[in-house]
Amino acid sequence: KKKTQEFLDEVKGLLLCRKELKEEYQKNDSAALLFSQNLDNNNNNQQKRMKQQKIDGTSVDNSLDSLYYSAQKTLPVFRRFIHDIVDHVDGITTEMTDIAPLKEKGQAMK
């Protein structure tokens, strides 16, 4: 429960920081000049820079097999994470917030 409280405090701090940054942004860029900059979709170098990469700069494997494997490994951790948060909310039980199981791999590939 201590780790969950630390997490919730961190989220609260991040939300407050985001609010303050947004206020500063609006004050300093009232014309929204930074916000209105569009990415050039025809620029291949720019597209490559914007793609997800591993730390070493190589491409991420976004195959369905890789994604399904990641989901299998992540789901139990995510489920425990959500249940830890729910333990701190009055009137909500883990049964009310259970996470659906993964689809069978064959079904997911359709």
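Here is a short report on the structure shown in this document.

Parameters at a glance
Residues numbered from 1 in each chain as written. Predicted model: local features only at pLDDT ≥ 70, side-chain atom pairs only at ≥ 80, totals over all residues. Heavy atoms only, no water. Helix = DSSP H or I, 4+ residues; strand = E, 2+ residues; numbered from the N terminus. Buried < 20%, exposed > 50% of the residue type's maximum accessible area, 1.4 Å probe, protein only. Contact = heavy atoms within 4.5 Å. Areas by Shrake-Rupley, 256 points an atom, 1.4 Å probe, with all protein chains shown as cover. Salt bridge = Lys/Arg side-chain N within 4 Å of Asp/Glu carboxyl O. Phe/Tyr/Trp six-rings, centres within 6.5 Å; stacked < 30°, edge-to-face > 60°.

With that settled, consider the overall build of the chain. Within the chain, the secondary structure is distributed over four helices and zero strands. Counted from the first residue to the last, the chain has its helices and strands arranged as α-α-α-α. Looking at the chain as a whole, 7% of its 110 residues are labelled buried. Across the chain, the fraction of contacts at a sequence separation of at least 24, relative to all contacts at a separation of at least 6, is 44%. Accessible surface for the chain amounts to roughly 10,000 Å². Of this, 54% is attributable to carbon and sulfur atoms.

Going through the model one piece at a time under the given rule, you end up with one salt bridge. A salt bridge links aspartate 65 to lysine 105; the nearest nitrogen and oxygen atoms lie 2.9 Å apart. Of this pair, aspartate 65 sits in helix α3 (residues 64-86) while lysine 105 sits in helix α4 (residues 105-108), and the two are 40 residues apart along the sequence.

Moving on to the packing of aromatic side chains. Across all of its chains, the model carries one aromatic pair by this definition. Arranged with centres 4.9 Å apart and planes meeting at 80°, the rings of phenylalanine 7 and phenylalanine 81 form a pair that is edge-to-face. Of this pair, phenylalanine 7 sits in helix α1 (residues 2-28) while phenylalanine 81 is found in helix α3, placing the two residues 74 residues apart along the sequence. Owing to a relative accessible area of 32%, phenylalanine 7 belongs among the partly exposed residues under this scheme.

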